[in-house]
Amino acid sequence: KTAGFNVKTQVAWVPLEGLSGTNLKASIGKETCDWYDGPSLLGALDAVKLPERDGAGDLRMSVADRYRDSDMYAMGKIFQGTLNKG
């Protein structure tokens, strides 16, 4: 099975070491990892190109959670469109 990504062009491989935080914020040195010369994890995330959003289009929102107090509230991410109070 595949997830629909091209591993050679759309996936970035970034070596990390979680206990000490190596290569999370600052790039790893050649003395630690001689085969990797790419960015740190934060550098790779900052380089991701986000798609343009259409603020004038119809509302498209994924709902992650909802709760009811005196009204109904929905939480999620808006992919397109704009919400106005009222």
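Every chain's residues receive numbers from 1 upward, in the order its sequence appears when written. Restriction of local features to residues with pLDDT of at least 70 applies here, the model being predicted, together with a cutoff of 80 or more for giving and counting side-chain atom pairs; totals for whole chains, interfaces and linings are based on all residues. In computing side-chain properties, one takes all heavy atoms of the structure into account and sets aside hydrogens as well as water.

Enquirer: Honestly, the overall build of the protein chain in this entry has me stumped. Any pointers?
Expert: Going along the chain from the N terminus, every DSSP run of H or I of four or more residues is numbered as a helix, and every run of E of two or more is numbered as a strand. Looking only at helices and strands, the protein chain has 2 helices and 2 strands in total. Computed over its C-alpha atoms, the radius of gyration of the protein chain comes to 20 Å, more than 25% above the 12 Å expected for a compact globule of 86 residues. Overall, the protein chain is about 60 × 30 × 30 Å in size when its C-alpha atoms are taken along their principal axes. Out of the 86 residues belonging to the protein chain, those deemed buried represent 9%. A separation threshold of at least 6 residues defines the contact pool for the protein chain, and within that pool the share at least 24 residues apart is 18%. Carbon together with sulfur atoms contributes 54% to the accessible area of the protein chain, which is approximately 7900 Å² in total. With 11 positive and 11 negative side-chain charges, the protein chain shows a separation of 6 Å between the mean positions of the two kinds. The globule rule used here is 2.2 Å times the number of residues to the 0.38 power, and the radius of gyration it is set against is calculated over C-alpha atoms. Exposed residues in this analysis have more than 50% of their type's maximum accessible area, buried residues have under 20%, and partly exposed residues fall in between, with area computed by a 1.4 Å probe over protein chains only. In what follows, residue pairs with any heavy atoms lying within 4.5 Å of each other are defined as contacts. Only the protein chains shown count as cover for residues, and all accessible areas are computed by the Shrake-Rupley method using a 1.4 Å probe. By the counting rule applied here, Lys and Arg register as positive and Asp and Glu as negative, while His and the ends of each chain are not counted. In this description, the location of a charge corresponds to atom NZ of lysine, CZ of arginine, CG of aspartate or CD of glutamate.

Enquirer: Just to check I follow, could you spell out a nonpolar patch on the surface for this structure?
Expert: A contiguous nonpolar patch, built from F5, V7, V11 and W13 and spanning about 450 Å² of accessible area, is present on the exposed surface. If you trace the backbone, V7 turns up in helix α1 (residues 7-10). In this structure V7 comes out as partly exposed when scored by relative accessible area, which is 46%. Only residues above 30% relative accessible area that lack a salt bridge enter a patch, with like-charged residues linked at up to 9 Å and the nonpolar side chains Val, Leu, Ile, Met, Phe, Trp and Tyr linked at up to 5 Å. Throughout this description, the term salt bridge denotes a Lys or Arg side-chain nitrogen within 4 Å of a carboxyl oxygen of Asp or Glu.

Enquirer: Looking at this structure, I do not really get the pairing of strand β1 (residues 60-68). What am I missing?
Expert: Residues in a regular strand project their side chains so that they alternate between the two faces of the sheet. Taken across its 9 residues, β1 has 0 buried, putting it largely on the surface. Relative to strand β2 (residues 72-80), β1 runs antiparallel, the two sharing 8 bridges. Across the sheet, the residue bridging to R60 is Q80, located in β2. Counting the residues between successive antiparallel strands, the hairpin from β1 to β2 contains 3 residues. A pair of strands is considered paired only if DSSP assigns at least 2 bridges between the two.

Enquirer: Please explain the packing of aromatic side chains as it appears in this structure.
Expert: A ring pair, where both rings are aromatic, is described by two values, the distance of the centres and the angle of the planes. Any pair of Phe, Tyr and Trp rings, taking the six-membered ring for Trp, is counted once the centres come within 6.5 Å. Such a pair is stacked with planes under 30 degrees apart, edge-to-face with planes over 60 apart, and tilted for the rest. Going through the model one piece at a time under the given rule, you end up with 2 aromatic pairs. Taken together, a centroid distance of 5.1 Å and an interplanar angle of 20° make the contact between Y67 and Y73 stacked. Here Y67 falls in the partly exposed class, since its relative accessible area comes to 42%.

Enquirer: Any chance you could explain the environment of A64 here in plain terms?
Expert: One can find A64 in strand β1. Sequence-wise, A64 and A74 are 10 residues apart; in three dimensions their C-alpha atoms are separated by 7.7 Å.

Enquirer: Teacher, can you tell me more about the side chain of N23 here?
Expert: Along the chain, N23 falls in the loop between α1 and α2 (41-46). A distance of 2.8 Å separates the side chain of N23 from the backbone oxygen of P15, its partner in a polar contact. Those residues within four positions of N23 in sequence are excluded, and the remaining contacts are V14, P15, L16, I28, Y36, P39, S40 and L41. We call two N or O atoms a polar contact when they sit within 3.5 Å, provided that within protein one can donate a hydrogen and the other can accept it, with sequence-adjacent residues counted only if both atoms are side-chain atoms.

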